[in-house]
Amino acid sequence: MKRFGGILVLIVLIAFLGPLLSPHDYQQTNFDNILLPPTAAGMHWFGTDDLGRDLFVRTMLGVQITILVAVVASIVSLVIGVLYGAVAGYVGGRVDAVMMRFVDTLYALPFIFFVILLMVAFERNFLLIFVAIGATNWLDMARIVRGQTLSLREREFVDAARLTGVSTARIILRHIAPNLVGVVIVYVTLTIPQAILFESFLSFLGLGIQEPQTSLGTLVDAGVNQMQGASYMLLIPAAMLAVILLCFNFFGDALRDAFDARQSR
Amino acid sequence: MLRYALLRLLGAIPTLLLVIVLAFLMVHAAPGGPFVDERGLPPAIEARLDEAYDLDKPLPEQLWRYMVRLAHGDFGPSFRYTDYTVSELIAGAFPLSLRLGAAAMALALVVGLAAGILAALRSNSLADRFVMTFAMTGISIPVFVFAPVLVLFLAVRLHWLPAGWSGNEGPARWILPIVSLALPQIAYIARLMRASMIDVLGSDFIRTARAQGLGTVAVVRYHALKPALLPVLSYMGPAVAAILTGSVVVEEVFGIPGLGQLFVRGALNRDYTLVLGIVIFYAVLVITLNLVVDILYGVIDPRIRRR
Amino acid sequence: MTITRIACLLLACCVIASCGDREASTGAPTVLHRGLNTDPESLDPHKARSVQAGEVLRDIGEGLLSYSEGGKLVPGSADSWQVSDDGLTYTFHIRDNARWSNGDAVTALDFVFSLRRLVDPDTGAFYAQLLGEIVNAKAIIAGDLPPAELGVETVDEHTLVIRLAQPVPYLLSLLTNPATFPVYRESLARHGDAFARPGTLVSNGAYKLDSWEPGSVIELSRNEYYWNDAATAIDAVRHHVITQEMTELNRYRAGELHVTDTVPPDNFAQLRDEFPEELHVAPYLAVYYYGFNLTRPPFKDHPKLRQALSMAIDREVLVSNIIGRGEAAAYSWVAPGVANYEPRRFNYASLTQDERNTNARRLLREAGYGPDNPLQIELRYNTSDTQQRIALAVQSMWRDVLGVETTLINEEFQVLMDNMRARQVTQVFRSSWIGDYNDAHTFLNIMETGNPSNMPGYASAEFDALMQRAAAQVDPQRRRLYLEEAERVLLADHPVIPLYFYVSKHLVSLDVIGWEDNVLNYHYSQHLSLAPADATP
């Protein structure tokens, strides 16, 4: 587990510090140097794209933005999911039943369609992407949190708090929420890969991150078009994407195993 | 039993209404209209078109008219394909998406389960490593990357399979799309099954069965399989959703005239009625499916019915 | 083990399945497989409006006139015609053997009916104004007169008369446009607006509509009743709807298409090397431009500023490095290759780019902008790889040469069109114009005040006056002079920055015989044939 966590940290470090090592700007075009394969000459370690922009810097930017999107989107779904699930789990009874019914029906609705509609309707601004991706993932979180809350609710310290007259809201925020941290962290690391894939999928449809910013999804999509002639344009960002996803997946798995083991003890 | 079903149904209707209103508002909030073109329209003609499609009326009235027609099963004409109604377009595209999705799901289940069980049985061996690596790659590479790569190698370079959809007869043209769609799900299901199976195989009652002298195959088939399948079963909901999402990409890449592709183009063309029609169609479908599954659960597990 | 066996079985099935396909096609009717970029909105000639719809319509329908493969006007459903001396009355004789796809005769009444339907506002035809110079057409389109008042009449079953309010020298080329194709009255009467579907559509062209799977393929087969059927070599045509250019290329490479509708913008040089004889790139009557919103600051009443921005763009670099598919840099508004016309050019067209840059900087300063008063503008374009590349390049040029900061806003096509029309938020926007007929008028008339396609909102009394005078000329040479002068005025005012002229690009298999590049990019399937035998899909 440490290994994958370490790789991730390394990647993030390189993503943020790497561009400092290169003299190139991510949006500086250079029409004399288009589609150069990776070379040490001219400090184009990853080569250049079809507008002559340096791919090393752009890939690093892509990693930055991809991770940013994924983390923020996950936080959005975390906040919504935790609040929703905690309230449902704690209040219980009819309210819980209705809330969970709602979640059940939303669960398999074609969110993808709503996201596409949203993006088309409100013109793809940066913020909306986070919200859209986050909004599609909160259901899982809500369910897990509700389950945890249900079991936490029966614990003594909650009884004590209730008996001494602490308000419901306070109980949820100050007593239940902190105990959810473990479970939440585990699931966040598992939803991040989903968020990353989702963003890359939006980019494929032309609805994701807009120029001159870029993300791994946009880079990969552009690379697919250059597959025949300039395969490095596809291979490098695809490899980075795969490595990041793999690390998150393994890391999340390991976290979950550790957490489950702790639970069942 | 009937009461249970009815209750569920009633619970679904508000959700459906909410979906319709939300979708309607979003589609109409989108700037740009269906009759927009670089070639400008003379004002009199634009006015007639707007009138014919109710676009000149205030939004709430448009919504009301739409719902009334919907209650009669009329999804309206497509704005973009003026020769066809939305119902016809959906009826033409849906069977294709259904077959594609069902085949991919079936493939994913068969291969995924088999791989997961195999990996669990030979846990930590080479076969296990191989299956798991494959599974991990399936999750880590987006469909729109490996689908074109597959097309490039298998169709264009080697000519083993057709490169496109239209104009090609025979089962060959289904293979790449189904495989592309199924691959990520195979990966997920294999991982789930493996983990779950390893769990189950380590439990007491299995040890008892083995102590009684049952062979591996029998143990798996009669004792381990059912409990191990539970996590996979609960993944089926998200799996269907994932296949739905994936189908939009696969249909784009291979040029398959399915519902996903129809939706994307409808959204980009501001084909209001088509987009609304597809969203509602899917919502109804999914709610019905959920209902059926719920009822089945109720049939299988009497405990749930009594809640 | 079983898995391996299953895999082998699957593979065997694939091979067998695809083998089966190939064997089935030898000895069968000749089929031409063409790519099509998007579905037609409709196969009703009056409801259709896209270039792609036109491609299919030209295969199934025919107007009074038509084009040869090389782009020359030839008789279509009309085999002869006369023009009066004042250029206001045209008399057409419809062929005696012109037939619909169900065997019925095509008569002059069919054309009268169809033209009336074209201008009827209830039809909602996008091209209603195409024949706006016919007597009463404008009034009918505005809803002031009934369609029956249109200046077209039948003299007898095979003679049609069209009366014009003003001379239209290019009328004959207008009459090749699919919007002027006849529609079959009985189908319309029986099926209403849904008549243009497989099974109910009756058409008068070389092919008839067999089936249409939206998003997939349109299947046509030979119309045996067509008057020139004997000259049609290919028995059936399949228009495959393929939206992704890469997918279309892959299918061409796999041998599944004979002709592609376009070519992916990436890696053009590589394609040229791979398909030296199959790649066809030809000038096309269309201009790609950046327009200014002339109704608001900063571009309102600032011709110098507009000119500075135009001069600072290195069009040669755009054309050779950014787009690189044989396009021509545009220093004029009317596309080259238009009949009977010599486009005017910017007066800085012959300077070097360095000289242009210097002049541009000077003009910018004169307009009041500089390092202490930097110019910040927005450039809008529609979502597409090519537009984006060009926008990025232009942004970079404006920054490097003039110090102008440009914000790129990428919008979906519909949104962009709306914004352009509304003229509230746009400053600089990307657009293009495709000529409808082979005459300079199709480019110049959209810049007249109040024209619905006049995106910048250009309103010049001088330009309008010149255009009106040109319209009144019967002598083509005098008309040409007025048109050229109008273009000169237009260019000097800089309401737009023309960037380049389009090229049509197709991959055409070596098995296809008879393909000729032409400036209108019309390629009728009936003029093509396929090389005999050989492995054609």
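One can find the structure itself at the top, above this paragraph.
Residues numbered from 1 in each chain as written. Chains lettered and ligands numbered in written order. Predicted model: local features only at pLDDT ≥ 70, side-chain atom pairs only at ≥ 80, totals over all residues.

## Describing the overall build of chain C
Along chain C, the regular secondary structure elements total 16 helices and 18 strands. A principal-axis box enclosing the C-alpha atoms of chain C has dimensions of 80 × 75 × 35 Å. By residue count, 49% of the 537 residues in chain C fall in the buried class. In chain C, of all internal contacts separated by at least 6 residues, the share reaching a separation of at least 24 is 66%. (Helix = DSSP H or I, 4+ residues; strand = E, 2+ residues; numbered from the N terminus. Buried ≥ 20, exposed ≤ 12 C-beta atoms within 10 Å, placed from the backbone. Contact = placed C-beta atoms within 7 Å.)

## Details of unusual backbone geometry
Residue and element names in this part refer to chain C. Residue Pro297 is joined to Pro298 through a cis peptide bond whose omega torsion reads 5°. Relative to the helices and strands, Pro298 is located in the loop between strand S11 (279–292) and helix H9 (303–311). Notably, Asp301 is not glycine yet its phi reads approximately 60°, a positive angle. With respect to the secondary-structure elements, Asp301 resides in the loop between S11 and H9. For Asp301, a count of 8 C-beta atoms within 10 Å gives the class exposed. Its identity is not glycine, yet Arg423 carries a phi of approximately 55°, on the positive side. Topologically, Arg423 is positioned in the loop between helix H13 (413–422) and strand S15 (428–434).

## Overview of the interface of chain C and chain B
At the junction of the two partners, chain C supplies 52 residues and chain B supplies 50 residues. Broken down by secondary-structure element, the contributors of at least two residues to the side of chain C that touches chain B are helix H1 (2–25), strand S10 (236–241), helix H7 (245–253), H13 and S15 of chain C. For the side of chain C that touches chain B, the element with the highest residue contribution is H1(C), accounting for six residues. Considered class by class, the residues forming the side of chain C that touches chain B number 20 nonpolar, 17 polar and 15 charged. (Nonpolar A, V, L, I, M, F, W, Y, C, P; charged D, E, K, R; others polar.)

## Focus: the sheet that holds strand S9 (residues 217–222) of chain C
Residues and elements named next belong to chain C. One open sheet accounts for four strands, arranged S1-S10-S9-S8; its pairing is mixed. Across the chains shown, the open sheet's two edge strands, defined by having one partner strand only, are strand S1 (31–36) and strand S8 (207–213). For this sheet the average axis-to-axis angle between neighbouring strands, irrespective of direction, equals 20°. Where S9 lies against S10, five bridges are found, and the strand directions are antiparallel. When the bridges of S10 are listed, Leu220 appears paired with Val237. The sheet strands contacting helix H2 (residues 51–60) are S1, S8, S9 and S10, and the helix crosses S8 at an angle near 140°. (Pairing = 2+ DSSP bridges. Axes fitted to C-alpha atoms, helices over the stretch in contact; angles between N-to-C directions.)

## Things to note about the environment of B:Leu233
Residue and element names in this part refer to chain B. Within the secondary structure layout, Leu233 lies in helix H9 (residues 216–254). Judged by the 12 C-beta atoms lying within 10 Å of it, Leu233 falls in the exposed class. Each C-alpha atom of the pair Leu233 and Ile189 lies 9.7 Å from the other, and the pair is 44 residues apart in sequence.

## With respect to the sheet that holds S11(C)
Hydrogen bonds along the backbone pair up the strands of a sheet, which may run parallel or antiparallel. Residues and elements named next belong to chain C. With mixed pairing, six strands are arranged side by side in an open sheet as S12-S16-S11-S15-S13-S14. Strand pairing shows two members of the sheet lacking a second neighbour, strand S12 (328–329) and strand S14 (405–411), which therefore form its edges. Taken together, the ten bridges between S11 and strand S16 (residues 496–507) define a ladder with antiparallel strand orientation. Each bridged residue has a counterpart across the sheet, and for Val281 the counterpart in S16 is Lys505. Strands in contact with helix H10 (residues 315–323) are S12 and S16; relative to S16, the strand with the most contacts, it is inclined by about 30°.

## Describing the packing of helix H5 (residues 126–153) of chain A against helix H7 (residues 168–204) of chain A
Residue and element names in this part refer to chain A. Axis separation between H5 and H7 bottoms out at 9 Å; the angle between their running directions is 150°. As judged from the angle between their axes, H5 and H7 are roughly antiparallel. The way H5 lies across H7 gives a crossing that is right-handed. Facing Ile129, Ile133, Asn137, Asp140, Met141, Ile144, Val145, Gln148, Thr149 and Leu152 of H5, the residues of H7 in contact are Ile176, Asn179, Leu180, Val183, Tyr187, Thr191, Gln194, Ala195, Phe198, Glu199 and Leu202. Taken together, the residues that form the contact of H5 with H7 break down as 13 nonpolar, six polar and two charged. (Parallel < 35°, antiparallel > 145°, perpendicular 65-115°, else oblique. Left-handed = near helix turned anticlockwise from the far one by under 90°.)

## Some thoughts on the nonpolar core
A general feature of soluble globular proteins is that nonpolar side chains tend to end up buried together. The biggest cluster of nonpolar side chains holds 160 residues, and the ones touching the most others in it are A:Leu117, B:Ile189, B:Ala190, B:Met193, B:Val275, B:Ile278 and B:Val279. In terms of nonpolar packing, the next biggest core, distinct from the first, is built from 76 residues, C:Ile323, C:Leu363, C:Phe429 and C:Trp433 among them. (Core = buried A, V, L, I, M, F, W, Y, C linked by C-beta atoms within 7 Å.)

## Brief notes about the pairing of strand S6 (residues 152–156) of chain C
In terms of strand pairing, S6(C) meets strand S7 (residues 159–163) of chain C through four bridges, oriented antiparallel. When the sheet's bridge partners are listed, C:Asp156 is paired in S7(C) with C:Thr159.

## Some points on H7(C)
When you tally the buried positions in H7(C), you get seven out of nine residues, the bulk of the element. All of the buried residues along H7(C) are C:Glu245, C:Thr247, C:Glu248, C:Leu249, C:Asn250, C:Arg251 and C:Tyr252. On its buried face, H7(C) sits against helix H6 (143–157) and H9 of chain B together with S1 and S16 of chain C. Two residues or fewer past H7(C), C:Gly255 is found with a positive phi of approximately 85°.

## Overview of the interface of chain A and chain B
Frequently, the measure chosen for interface size is the accessible area that the parts lose on association. Counting residues at the interface gives 28 residues for chain A and 36 residues for chain B. Put simply, the parts of the chain that give the side of chain A that touches chain B at least two residues each are helix H3 (93–107), helix H4 (111–122), H7, helix H8 (216–225) and helix H9 (232–264) of chain A. Take the side of chain A that touches chain B: its biggest share by element is seven residues, from H4(A). Split into classes, the residues belonging to the side of chain A that touches chain B amount to 22 nonpolar, three polar and three charged.

## A closer look at H10(C)
Along H10(C), the residues that are buried comprise C:Arg315, C:Leu318, C:Val319, C:Asn321, C:Ile322 and C:Ile323. The inward-facing, buried residues of H10(C) abut S12, helix H12 (385–402) and S16 of chain C.

## Notes on the pairing of strand S13 (residues 376–382) of chain C
Residues and elements named next belong to chain C. Where S13 lies against S14, seven bridges are found, and the strand directions are parallel. In the sheet register, Glu378 faces S14, and the bridge partner there is Thr407. With two bridges connecting them, S13 and S15 associate as parallel partners. The partner of Arg380 across the bridge, within S15, is Phe429.

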